[in-house]
Amino acid sequence: MLNFIVRRLFHAIPVLLGVSLIVFFGMHVIPGDVAQMILGDKATPQTLAHLREQLGLNQSILVQYWEFISHAVIGDFGTSLRTQNPVWQDIWIAFPVTVQLSILSLLVALAVGIPIGVRAAVKQNGWFDNLAMVGVLVGISMPVFWIGLILMMLVGVRWDLLPISGLLSDGLALRRITGMTVVDSLLTHNMEAFWDTGRHLVLSTLTLATIPTAVIARITRMAMLDVLQQDYIRTAWAKGLRYYPITYYHALKNALIPVVTVTGLQFGALLGGAILTETVFGLPGLGRLAVNSILYRDYPEVQGIVMMSSAVFVLVNLVVDVLYAVVDPRIRLDREIEA
Amino acid sequence: MSETRAAGRETERHLVLKRLLGSANGRLGLFITLLVILFALAGPSLTSYDPIQQSMMDGLQAPSAAHWFGTDEFGRDILSRMLYGTRVALQVGIIADGISLVIGVLLGLVAGYFDGWLGTLIMRLMDVLLAFPYLLLAMMIVAILGPGLRNAMIAIGVVYIPQYTRLVRGSVLATRELEYVVAAEISGASHWRIMTRHILRNCYSPIIVQASLTFGSAIVQTAGLGFLGLGAQPPAPEWGAMLSTGRSFILQAPWICTFPGLGILVSVIGFNLLGDGLRDALDPKS
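Residues numbered from 1 in each chain as written. Chains lettered and ligands numbered in written order. Predicted model: local features only at pLDDT ≥ 70, side-chain atom pairs only at ≥ 80, totals over all residues. Heavy atoms only, no water.

This part takes up the interface of chain B and chain A. Listed by partner, the interface residues are 39 residues for chain B and 44 residues for chain A. Counting the surface lost from both chain B and chain A, the interface buries some 3,600 Å², and carbon and sulfur atoms represent 83% of this. Our count for the chain B to chain A interface comes out at one salt bridge. Close ionic contact of Asp276(B) with Arg218(A) constitutes a salt bridge, the shortest N to O distance being 3.2 Å. Tallying contributions element by element places helix α12 (residues 255–282) of chain B first for the side of chain B that touches chain A, with 11 residues. Partitioned by chemical class, the residues of the side of chain B that touches chain A number 30 nonpolar, six polar and three charged. (Contact = heavy atoms within 4.5 Å. Buried area = accessible area lost by both parts, 1.4 Å probe. Salt bridge = Lys/Arg side-chain N within 4 Å of Asp/Glu carboxyl O. Helix = DSSP H or I, 4+ residues; strand = E, 2+ residues; numbered from the N terminus. Nonpolar A, V, L, I, M, F, W, Y, C, P; charged D, E, K, R; others polar.)

Below you can see the structure in the form of structure tokens.
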């Protein structure tokens, strides 16, 4: 098992090196003077020279790449041109917001998507199945930013049930420990903040959960249809077991493997969705940070955000790979024989 | 000989169309797709309002007989902007999906056919592209090229390349050892001829299905970039950008945000249905 994890980790290194090449050279193929592009036409020669110095643009490109990658491995991406903070610090503040939103949405998607998929498969072609499949189609095709706006318009504005932006109401203070408001409020036993941030997160979580819920429901249904036809399920029915143990214990256990795969693959899409969701609901996460830095042409920050997110994404895929082995002993066995 | 072959192809096409129209989903998908194309082509003649021209007197009007979908903050007719937006969406789909299709298929063909170091190199490059979260990669490309509809389409096009490459490489690997390919090789056909005339022909079905599904995704993603302010810039009648500006008027004029989103949703549903329908029609086995 450990062998397998180590091997996958080594496989991730060239991929991340490739990512760093694209991120670094991408910013350097821009025709013209980067410093001029960042500062605009009104820049004086002095400020231009200063910025070039700050970005290290006077050195040869290979030296620059070496500087970039050797600092990047320890998480140092230089200073943000926009906020004047170290890039890692801006990311450090924004990242937990995105992680919290993504995890909550994924939990909602699993909690809603799996039962829908199971029920749809068990009653294949029944009214529930048909309704669920229409829902799945609409969910998969949904522009996240639009469903966010619609929820905001109806639930937040028209019915005035939930707050529509931010993470905490004004006047509420919360000590920062992890940066994830839900976790921090629990850690500090601040129940008022817990309920408040919970209410703030409902709409954004539902928005971001739309697509993964649909995808998970669809894949669960497909996997269950496959599993339910197998002999051991017929045996389980024949020996008189009931509906719940059969579907949720015997069948779902084997149907979960593709669900784990797809959930892992969803993570990349989830991050994209998070960027849009954060923009709709004004959440100070990584997505907002990325959009602002791009509009400001804050290259060090863009590089830092893209590198960081890709590293996390690669890591998540690795965890998913390991999870397979946990969920499905057959895979583990195969791989060990292979190794 | 060639006549029978042409006739065979004709019947096969006929059969696929029949199967596609035989399923309710396929029919609906095809119907929506044709509707989108129709609106894109005939849009300008269906409305008398200019999509860009401002008319401040008519600002923020609710839907009425004169303006079915209401007007935006500059008094522009939403319906007319929607119709022109269909044109933009279709163009986005064709260009973005076209970029990923052409480059992705070509790379996939080469990677599968020359399965040595060249193939490995291409596939490693695809691994790297897939290591970026989709939208973030697109945003980075836009950051490099600069915001705007054209660059957004290029960015989304690049993002979807690996999907085609993986798909085509897989099919090529499965096909290239088949007897008829070996026969073509022995009879002295060039690599290019074998790749395009013998192998590629056998990969058409999955490519067509992928193209239809990617078409929808490309429209949503490009609209997403527009919404973030990185795609089409105002006053262009692009659905994502329309939502972005309409956001500020969500209290007074909810209709500005409602209709462009519906436009995206319905057309993407159409392309997804068409893709699923085509998959069933082209490959009845699965």
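Continuing now.
This part covers the side chain of Asp97(B). Residue and element names in this part refer to chain B. Mapped onto the secondary structure, aspartate 97 falls in helix α3 (residues 78–113). No salt bridge is formed by the buried aspartate 97. Its closest oppositely charged neighbour is arginine 279, at 13 Å. Beyond its immediate chain neighbours, meaning those up to four positions away, aspartate 97 contacts Val92, Tyr164, Ala211, Thr214 and Phe215. (Buried < 20%, exposed > 50% of the residue type's maximum accessible area, 1.4 Å probe, protein only. Lys, Arg positive; Asp, Glu negative; His and termini not counted.)

Below, the discussion takes up the nonpolar core. Among the nonpolar cores identified, the biggest contains 127 residues, and Phe145(A), Met139(B) and Leu225(B) are the most heavily contacted of them. Residue contributions to this core peak at 12 residues, all from helix α13 (residues 299–327) of chain A. Once you skip the residues sitting within four places of it in the chain, Phe145(A) turns out to touch Leu276(A), Val280(A), Val220(B), Ala223(B), Gly224(B), Phe227(B), Leu243(B) and Ile264(B). (Core = buried A, V, L, I, M, F, W, Y, C linked by side-chain atoms within 4.5 Å.)

The final tally for this structure, using the stated rule, is nine salt bridges over all chains. Of the charged contacts, one joins Arg176(B) and Glu177(B) as a salt bridge, the two residues approaching to 3.8 Å between their closest N and O atoms. For Glu177(B), a relative accessible area of 58% corresponds to the exposed category. When salt bridges that share partners are traced, they join Arg218(A), Asp276(B) and Arg279(B) into one network.

On to helix α1 (residues 2–28) of chain A. Between its first and last C-alpha atoms α1(A) spans 39 Å; for 27 residues at 1.5 Å apiece the expected length is 39 Å, and the two agree. For α1(A), the set of buried residues is Phe4(A), Ala12(A), Val15(A), Gly18(A), Val19(A), Ser20(A), Val23(A), Phe24(A), Gly26(A) and Met27(A). (Expected span 1.5 Å × (residues − 1).)

What follows concerns the packing of aromatic side chains. A complete count under the given rule lists 14 aromatic pairs over all chains for this structure. Judged by centre distance (5.9 Å) and plane angle (80°), the rings of Trp127(A) and Phe128(A) are edge-to-face. Classification of Phe128(A) by relative accessible area gives buried; the value is 18%. Look at Phe145(A) and Phe227(B): their rings are 4.9 Å apart centre to centre, the planes differ by 20°, and that puts the pair in the stacked class. Taken together, the residues Phe145(A) in helix α7 (residues 144–158) and Phe227(B) in helix α10 (residues 204–227) connect one chain to another. Phe227(B) carries the same exposure label as Phe145(A), and that label is buried. Among the aromatic residues, ring-to-ring pairing joins Phe24(A), Phe25(A), Tyr65(A), Phe68(A) and Phe77(A) into one connected group. The side chain of Arg119(A) reaches across the aromatic face of Phe128(A), ending 4.7 Å from its centre. Between Arg176(B) and the ring centre of Tyr113(B), over which it is positioned, the NZ or CZ distance is 5.0 Å. (Phe/Tyr/Trp six-rings, centres within 6.5 Å; stacked < 30°, edge-to-face > 60°. Lys NZ or Arg CZ within 6 Å of the ring centre and 35° of its normal.)

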